[in-house]
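Residues per chain are reported as follows:
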Amino acid sequence: DLAEAYERDDLALGRFPSVLRAANVEFVPSDMRAPATLAPVLDGVDFVFHLASVSSANAPRSILQAVNVQGTRALVDLLLERPRKTRLERLVLLGDGGVYGLPTPYDLPLTEDTPPSPANPYTKSKWEQEWLLMEAGRKQGLPFSTLRPTGVYGPRAVRGAGQMILNAASMSALAVPSSFTARIPFVHVRDVALAALHVAMA
């Protein structure tokens with residue numbers, strides 16, 4: 001993450017360096033827009049869990065491309081440049097279930113074979129991340145897996161589904177129309193982390 005992300009806890013931005021310090025995590029500042037800063041992060045690692053993305057649907061397309069897409073391209077290039085004896089065991093990308101777009105009832109259930117149809121620049125950038133990994137895997141043997149979680153919630157959640165649940169929990173009464181038929185899948189952040197570990201070791 002960026003160096004300023006380690007300065008102090010910031011609930012609004014979802015930054016909690018105190019948690020990392022308590023867990024004795026070694027923090028190496030880096031910027032997906034500056035490939036030279038990524039090399040120290042990768043030094044000597046066997047597994048990469050790639051969560052570094054701008055995750056706002058309102059972010060400018062240029063920022064989404066620079067961080068999410070070009071940053072991932074730089075990360076992949078650095079991993080492929082490593083000598084064969086120090087090759088990566090696996091890269092696990094945390095993608096986004098939103099790459100499926102806005103399916104109609106006739107499109108359900110979604111499966112891994114459902115064609116992606118991202119509906120906004122953010123989910124399009126997440127799909128482009130996946131495409132980069134698939135190409136590197138197919139052409140250059142990069143070992144990777146992608147998870148597409150939807151509705152992640154848990155401690156310190158400040159965006160997306162986590163924020164939606166917190167907002168609902170703070171209401172004195174929650175009104176839901178009787179005609180409401182939507183089904184929203186939620187998954188706890190701990191289960192996402194365990195799934196990432198599972199596919200990395202599989």
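All figures in this text were calculated on a predicted structure; none of them were measured in a lab.

Chemist: If you had to explain the packing of helix α3 (residues 61-81) against helix α4 (residues 121-140) to someone new, which residues and values would you point to?
Modeler: For any two helices packed against each other, one specifies the inter-axial angle together with the distance between the axes. Here α3 crosses α4 at 15°, and the two axes come no closer than 9 Å. What the angle tells us is that α3 and α4 run roughly parallel. Here α3 runs over α4; the crossing is right-handed. Within the contact between the two elements, α3 uses Arg-61, Leu-64, Gln-65, Asn-68, Val-69, Thr-72, Arg-73, Val-76 and Leu-80 and α4 uses Pro-121, Tyr-122, Lys-124, Ser-125, Lys-126, Glu-128, Gln-129, Leu-132, Leu-133, Ala-136 and Gln-140. Its residues placed into classes, the contact of α3 with α4 shows nine nonpolar, six polar and five charged.

Chemist: Hey, could you go over the sheet that holds strand β3 (residues 144-147) for me, with residue numbers and the actual values?
Modeler: Whether parallel or antiparallel, the strands of a sheet pair through hydrogen bonds between backbone atoms. Here we have three strands laid out as an open sheet, ordered β1-β2-β3, and parallel in their pairing. Taken across any chain shown, the strands that pair with only one partner, and hence form the sheet edges, are β1 (47-50) and β3. Strand-to-strand twist of the sheet, defined as the mean angle between neighbouring strand axes without regard to direction, takes the value 15°. Examined bridge by bridge, strand β2 (residues 90-94) and β3 share four bridges and lie parallel to one another. Residue Leu-94 lies in a different strand from β3, and its bridge partner there is Leu-147. Its contacts with the sheet place α3 against β1 and β2, and it is angled at close to 175° to β1. Here helix α6 (residues 189-201) sits on the sheet in contact with β1, β2 and β3, set at roughly 150° to β2.

Chemist: So what's going on with the nonpolar core? Which residues, and what values?
Modeler: Within the largest apolar cluster, 16 residues are counted, with the highest numbers of intra-cluster contacts made by Val-48, Leu-75, Val-76, Leu-79, Leu-91, Leu-133 and Leu-142. When contributions to this core are tallied by element, the ones reaching two or more residues are α3, β2 and α4. Looking at this core, the element that brings in the most residues is α3, giving six residues. Judged by nonpolar contacts, the second largest core, of seven residues, contains Leu-147, Val-192, Ala-196 and Ala-200.

Chemist: Describe in detail unusual backbone geometry, supporting the description with residues and values.
Modeler: Between Leu-108 and Pro-109 the backbone carries a cis peptide bond, its omega angle lying at 0°. Positionally, Pro-109 belongs in the loop between β2 and α4. Its identity is not glycine, yet Asn-24 carries a phi of approximately 55°, on the positive side. Within the fold, Asn-24 resides in the loop between α1 (17-22) and α2 (39-42). Owing to a relative accessible area of 70%, Asn-24 belongs among the exposed residues under this scheme. Positive phi, close to 65°, is recorded for Arg-156, a residue that is not glycine. Its place among the elements puts Arg-156 in the loop between β4 (152-153) and α5 (160-169).

Chemist: Give a description of the pattern of salt bridges that names residues and reports values.
Modeler: This structure, assessed with the given rule, holds six salt bridges. Across the salt bridge formed by Arg-8 and Glu-7, the nearest N and O atoms sit 3.7 Å from each other. Like Glu-7, Arg-8 is exposed. With a closest N to O distance of 2.7 Å, Arg-148 and Glu-130 form a salt bridge. In this pair, Arg-148 sits in the loop between β3 and β4 while Glu-130 sits in helix α4, placing the two residues 18 residues apart along the sequence. On the accessibility criterion, Arg-148 (25% relative accessible area) is partly exposed. Judged by its relative accessible area of 4%, Glu-130 falls in the buried class. Connected via shared salt-bridge partners are Glu-135, Arg-138 and Lys-139.

Calculation rules
Residues numbered from 1 in each chain as written. Predicted model: local features only at pLDDT ≥ 70, side-chain atom pairs only at ≥ 80, totals over all residues. Heavy atoms only, no water. Axes fitted to C-alpha atoms, helices over the stretch in contact; angles between N-to-C directions. Helix = DSSP H or I, 4+ residues; strand = E, 2+ residues; numbered from the N terminus. Parallel < 35°, antiparallel > 145°, perpendicular 65-115°, else oblique. Left-handed = near helix turned anticlockwise from the far one by under 90°. Contact = heavy atoms within 4.5 Å. Nonpolar A, V, L, I, M, F, W, Y, C, P; charged D, E, K, R; others polar. Pairing = 2+ DSSP bridges. Core = buried A, V, L, I, M, F, W, Y, C linked by side-chain atoms within 4.5 Å. Buried < 20%, exposed > 50% of the residue type's maximum accessible area, 1.4 Å probe, protein only. Salt bridge = Lys/Arg side-chain N within 4 Å of Asp/Glu carboxyl O.

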